[in-house]
Amino acid sequence: FAFLELKNTGAATIDLTGLSFTAGINFAFTNNTRLAPGAFFVLARNAALFAAKYPGVAVSGVYSGKLNNGGETITLTRSYANASGL
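What this report covers is the structure whose coordinates are included nearby. Residue positions are given per chain, counted from 1 along the sequence in the order it is written. In keeping with the model being predicted, local features are shown solely for residues with a pLDDT of at least 70 and side-chain atom pairs are shown and tallied solely at 80 or more, while totals for entire chains, interfaces and linings include all residues. Water and hydrogen atoms were dropped before computing side-chain values, which therefore reflect all heavy atoms in the structure.

Re unusual backbone geometry
The phi angle at N32 is positive, at roughly 65 degrees, despite the residue not being glycine. Tracing the backbone through its elements, the reader meets N32 in the loop between β4 (25–28) and β5 (34–35). N32 sits in the exposed class, given a relative accessible area of 58%. Only DSSP runs of H or I with at least four residues qualify as helices, and only runs of E with at least two residues qualify as strands; both kinds are numbered from the N terminus onward. Only protein chains enter the accessibility calculation, which uses a 1.4 Å probe; a residue is then buried when its area is under 20% of its type maximum, exposed when over 50%, and partly exposed in between.

Here it is, written out as structure tokens:
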């Protein structure tokens, strides 16, 4: 049932294109992935198990790897090839 939830608490839409988790879990955001103000982006390890436990909550993506219940560092990076305008 492991999952990770991102929330945009700002007033502007966030472009997640080119971002990827590279430590702790593995997941790359596809082109034109945007997160509107107040919106959530839910990553689950297993979408079917997540949906069974949390019906009605949309899974935005499935990550690989495994989160450590004892705590760990996860790393979110941006590819310089896709970082135009930064």
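Side note on the environment of Y63
Relative to the elements of secondary structure, Y63 occurs in the loop between β7 (61–62) and β8 (64–65). Distance in space between the C-alpha atoms of Y63 and L19 is 13 Å, their sequence separation being 44 residues.

Quick look at the packing of aromatic side chains
For Phe, Tyr and Trp, where Trp contributes only its six-membered ring, two rings pair if their centres lie within 6.5 Å, and the inter-plane angle classes them as stacked under 30 degrees, edge-to-face over 60, or tilted in between. Summed over all chains, the structure comprises seven aromatic pairs. Aromatic side chains F27 and F29 sit 5.0 Å apart centroid to centroid with 85 degrees between the ring planes, which places their arrangement in the edge-to-face category. Using a relative accessible area of 6% as the deciding quantity, one classes F29 as buried. Aromatic pair F50 and Y54: ring centres 4.8 Å apart, planes at 40 degrees, arrangement tilted. Judged by relative accessible area, which is 28%, Y54 ranks as partly exposed.

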